[in-house]
Amino acid sequence: MQYPLENIHKVPVAAFFCLDPRFWKQTIRFIQEELDFREEFDSENFDPYVMPSGPRVLVKDETREIFLNNIERVSIGLHHIKEVILIAHRDCGAYGGSRAFPSPEAERATQEEDLKIARGILKEKFPQLVVKLFYLEIVGDKIEFQPVK
């Protein structure tokens, strides 16, 4: 089967999020439909960095340089991104799930701290980038993407 080739060279945003199948479709919709970059760039395209724990790969010593190099060479160098979105989520298996924490507040605090560390790493290496943080919270049988300051 053949599919049309999209000739895209400018992508406004890179996004780091977890590959958890409970959330990835909604995360893609959130990025494509609700974030401000679409209005400015008239595009739904973004560079997806999807792996267990999402943005935590920027915090961990063993994976940080791999992803920083990819951002620099591909996302900035070829696609000219201006923004990075970092999304962590409740009950992430890469953190051991919710059961690994004494409370939902402790779980969120740990992941928000990792988000802030990842933002600091990105801003130090790429000060020109805007970095936005979100926490995917499970609310009953729904999910919400909540901004993190």
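To be clear, the structure that these remarks concern was listed above.
Just so it is clear, the model here is predicted, and its values are computed rather than measured.

Q: Before we go on, may I ask you to explain the packing of helix α3 (residues 61–76) against helix α4 (residues 104–125) in this structure?
A: What describes two packed helices is the angle between their axes and the distance between those same axes. Taken N-terminus to C-terminus, the directions of α3 and α4 make an angle of 50°; their axes are 12 Å apart at the nearest point. The angle between the axes of α3 and α4 places the two elements in the oblique class. The crossing of α3 and α4 is right-handed. Packed against α3, whose contacting residues are Arg 64, Leu 68, Ile 71 and Glu 72, the element α4 presents Ile 121, Leu 122 and Lys 125 at the interface.

Q: In this structure, what is going on with unusual backbone geometry? I would like to understand it.
A: Trans is the prevailing form of peptide bonds, just as negative phi is the prevailing case for residues other than glycine. Of note, the phi angle at His 80 is positive, near 60°, even though the residue is not glycine. Within the secondary structure, His 80 is located in the loop between α3 and β3 (83–89). You will see that Asp 91, though not glycine, has its phi angle at about 60°, which is positive. With respect to the secondary-structure elements, Asp 91 resides in the loop between β3 and α4.

Q: How should I be thinking about the sheet that holds β3 in this particular structure?
A: Strands pair in a sheet through their backbones, by hydrogen bonds, and they do so in one of two ways: parallel or antiparallel. The strand order β2-β1-β3-β4-β5 describes an open sheet built from five strands, whose pairing is mixed. The sheet terminates laterally at β2 (47–50) and β5 (142–148), the two strands that pair on one side only. Across this sheet, the average inter-strand angle for adjacent strands is 20°, counted without regard to direction. Here strand β1 (residues 13–17) pairs with β2 via four bridges, running parallel. Across the sheet, the residue bridging to Ala 15 is Pro 48, located in β2. Seen against the sheet, helix α1 (residues 24–34) touches β1, β3, β4 (130–139) and β5 and runs at an angle of roughly 155° to β1. Along the sheet, α4 contacts β3, β4 and β5; its crossing angle with β4, the most-contacted strand, is approximately 165°.

Reading guide: rules and limits
- Residues numbered from 1 in each chain as written.
- Predicted model: local features only at pLDDT ≥ 70, side-chain atom pairs only at ≥ 80, totals over all residues.
- Heavy atoms only, no water.
- Axes fitted to C-alpha atoms, helices over the stretch in contact; angles between N-to-C directions.
- Helix = DSSP H or I, 4+ residues; strand = E, 2+ residues; numbered from the N terminus.
- Parallel < 35°, antiparallel > 145°, perpendicular 65-115°, else oblique.
- Left-handed = near helix turned anticlockwise from the far one by under 90°.
- Contact = heavy atoms within 4.5 Å.
- Pairing = 2+ DSSP bridges.

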